[in-house]
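# Secondary and tertiary structure notes
Next come the chains, spelled out residue by residue.
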Amino acid sequence: MIDPYLLRYKIQFIEKKLYHRGFKLDTIKFNNLEKKRKILQITVENLRTQYKKLSLLIGNLKKKNKNCDYETVQVEKVKKQLTKKEEILKKIQNDMKIFISKIPNIADDTVPIGSNSCNNQNIIYWGNIKKYDFHVQDHVTLGNNINGFDWYAASKISGSRFVIMKNKIARLHRVLSQFMLDVHTINHGYSEIYLPYLVNHESMYGAGQLPKFKKEIFYVSTLHKNKNNHKYILIPTSEVPLTNLFKNQVLKENDLPIMLTAYSPCFRAENLSYGKDSRGLIRMHQFDKVEIFQITTPEKSMKSLEILTLHAEEILKLLKLPYRKVLLCTQEMGFSSSKTYDLEVWFPSQNKYREISSCSNMSDFQSRRVKTKYFQMHSNKKNFVHTINGSGLAVGRTLAAILENYQNHDGSIEIPEILRDKYMNGLKYIN
């Protein structure tokens, strides 16, 4: 969430920054809530002081065997008033929390101002786009023709936007995640983490997924309704459990940056009409992803974003997949992000680049929600850490990009060279 200090003392600045994000801040509502909170906070603190003084006085009178009936009546009155005011204050604080939780992160000054993809900035293009002397097919047709996909069986089992992969396609899909994890752990220095795929509501809130995306997630309930944690959520990304891994902790500055990677299935319930944006492996209800995640100090977070993005780019380079790096404008970024690079891989069948990774600096937006701080040695103070995350990469989309970019005129698929010996047992083509 946004630093409450900025809302209280620099609200016009925040209002302008949020306007560029397409968000209208209700300053009147916030100021009214803040005014009520201040008055009640002072009242509660005064009542607590009175209660403490009267309690001490009663204790001293009892020690001296003196009558304290009057003071006892007074302390009970103060206690009732305090309880009542504390309840009202708690409600107002909760109202403020709900209000602030719906406000997106403010954009970094280096982010271009804009309302749509036309305002994004193309940073680099990498790789050579092949020229084909035959009709290019999309990954769905290619996968179907080599008996790698079974959409019909998947629809019988689960419904639309699920897939069953078979044979060598299933193997290629599996080894891609292994390859990505190996590169990130061995070459880039990330620590591999295995995480739960079911999380609670607090974890989703901590990562900035709730309340914003409450209609785009899958909820799971058990039959034991008497238990507190009877309702879980399937993770939309392993960013959620990774963000909550150090919840309510104070980290040592010398231990930063913390660099983690995790493979997981991801589950998203977003509804889309049929078309190129949802065809095949592009947008699934269930897909696999390798996440890369860093925790660092505010001074180093932007550099960490650049490094993390390079790590995701390295996967595309090793697979020799043409891509471009795009700096998103203010209204194209995700809810929790202060700055985002999208990596878009080339899809020959669509003659366009499609997102395969999104790498973002969340600044202290998530760490404020999960209360993760670090002890700053030179100031002897506790400050909120910054979190940076990205896809390194989305496995299904990487598979789709390989099928399309490595297709041959006879419909066979060439295996990227780096995967052949170590991961595919010397296999060069999928026929």
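As shown above, the structure is provided for reference.
The following paragraphs examine the structure supplied in this document. (Residues numbered from 1 in each chain as written. Predicted model: local features only at pLDDT ≥ 70, side-chain atom pairs only at ≥ 80, totals over all residues. Heavy atoms only, no water.)

## Section: the side chain of Ser 238
Our working definition: Each helix is a run of DSSP H or I of at least 4 residues and each strand a run of E of at least 2, with the numbering of both proceeding from the N terminus. Contact definition: two residues touch when any of their heavy atoms are within 4.5 Å.
If you trace the backbone, Ser 238 turns up in the loop between β7 (231–234) and α9 (239–244). In this structure Ser 238 touches Leu 195, Ala 262, Ser 264 and Glu 291, once residues within four positions along its chain are discounted.

## What about helix α10 (residues 301–318)?
Heads up, the condition is: Each residue after the first adds 1.5 Å to the expected span of a helix. Only protein chains enter the area calculation, which uses a 1.4 Å probe; residues under 20% of their type maximum are buried, those over 50% are exposed, and those in between are partly exposed.
Between the first and last C-alpha of α10 there are 26 Å, a value that for 18 residues agrees with the 26 Å anticipated at 1.5 Å per step. When we look at burial in α10, the residues that qualify are Ser 301, Ser 304, Leu 305, Leu 308, Thr 309, His 311, Ala 312, Glu 313, Ile 315 and Leu 316. Among the residues trailing α10, Lys 320 stands out with phi positive, at a value near 55°.

## A closer look at the packing of aromatic side chains
We describe a pair of aromatic rings using the distance from one ring centre to the other and the angle between the two ring planes. Put simply, the test is: Ring pairs are drawn from Phe, Tyr and Trp, using the six-membered ring of Trp, whenever the two centres fall within 6.5 Å, and their geometry is named by plane angle: stacked under 30 degrees, edge-to-face over 60, tilted for the rest. We call a charge positioned over a ring when the NZ of a Lys or the CZ of an Arg lies within 6 Å of the ring centre and within 35 degrees of the ring normal.
Tallied over the entire structure, the rule returns 10 aromatic pairs. Consider the rings of Tyr 5 and Tyr 9, whose centres lie 4.8 Å apart with planes at 45°: the pair is tilted. Linking Tyr 5 with Tyr 9, this pair stays in helix α1 (residues 4–9), spanning four residues, or about one helical turn. Since its relative accessible area comes to 45%, Tyr 5 is described here as partly exposed. Counting every residue linked through ring pairs, the aromatic cluster contains Tyr 125, Trp 346 and Tyr 353. Directly above the ring of Tyr 219 sits Lys 231, whose terminal nitrogen or CZ lies 5.0 Å from the centroid. Here Lys 325 stacks its cationic end above the ring of Tyr 341, 4.3 Å away from the centre of that ring.

## Concerning the environment of Arg 397
Our working rule: The term polar contact refers here to a pair of N or O atoms within 3.5 Å; inside protein, the definition further demands a hydrogen-donor-capable atom paired with an acceptor-capable atom, and it admits residues adjacent in sequence only when both atoms are side-chain atoms.
Of note, Arg 397 is situated in helix α12 (residues 395–405). With relative accessibility at 13%, the residue Arg 397 sits in the buried group. Along the chain, Arg 397 and Arg 368 lie 29 residues apart, while their C-alpha atoms are 32 Å from each other. Those residues in contact with Arg 397 that lie beyond four places of it in its chain are Leu 281, Ile 282, Arg 283, Phe 347, Glu 355 and Ile 356. Within polar-contact distance, the side chain of Arg 397 engages the backbone oxygen of Ile 282 at 2.7 Å. A polar contact is formed between the side chain of Arg 397 and the backbone oxygen of Glu 355, at a distance of 2.6 Å.

## Re the sheet that holds β7
Put simply, the rule reads: A pair of strands is treated as paired once DSSP finds two or more bridges between them.
Spatial ordering of the open sheet is given by β5-β7-β6, a layout of three strands whose pairing is antiparallel. Lying at the two open borders of the sheet, with one neighbouring strand each, are β5 (198–199) and β6 (219–221). Pairing geometry for β5 and β7, over two bridges, is antiparallel. By the bridge assignment, Val 199 is partnered in β7 with Ile 233.

## What to know about the pattern of salt bridges
Basically, it comes down to this: Each reported salt bridge corresponds to a side-chain nitrogen of Lys or Arg within 4 Å of a carboxyl oxygen of Asp or Glu.
Applying the stated rule across the entire model yields 14 salt bridges. Linking Asp 3 and Arg 368 is a salt bridge whose minimum nitrogen-to-oxygen distance equals 3.1 Å. Pair noted here: Asp 3 is in the segment before α1 and Arg 368 is in helix α11 (residues 365–370), with a separation of 365 residues, a long-range link. Accessibility expressed as a relative area gives 17% for Arg 368, which makes it buried.

## A look at the layout of surface pockets
Threshold: The rule is simple: put a 1 Å grid over the protein atoms alone, call a set of points where a 1.4 Å probe fits but cannot get out a cavity, call an open set with protein on both sides within 12 Å along at least five of seven lines a pocket, and count a residue as lining if it has an atom within 4 Å of a point. Grid points are joined across faces, edges and corners, and a volume is the space filled by probe spheres set on the points. Asp, Glu, Lys and Arg are counted as charged, while Ala, Val, Leu, Ile, Met, Phe, Trp, Tyr, Cys and Pro are counted as nonpolar; the rest, among them Gly, fall into the polar class.
The computed volume of the second largest pocket comes to approximately 510 Å³. Forming the walls of the second largest pocket are 20 residues, and the residues nearest its centre are Met 1, Lys 97, Tyr 205, Arg 368 and Lys 371. Mapped by element, the contributors of at least two residues to the lining of the second largest pocket are α1, α4 (69–101), α8 (201–206) and α11. The residue inventory of the lining of the second largest pocket, partitioned by class, reads seven nonpolar, five polar and eight charged.

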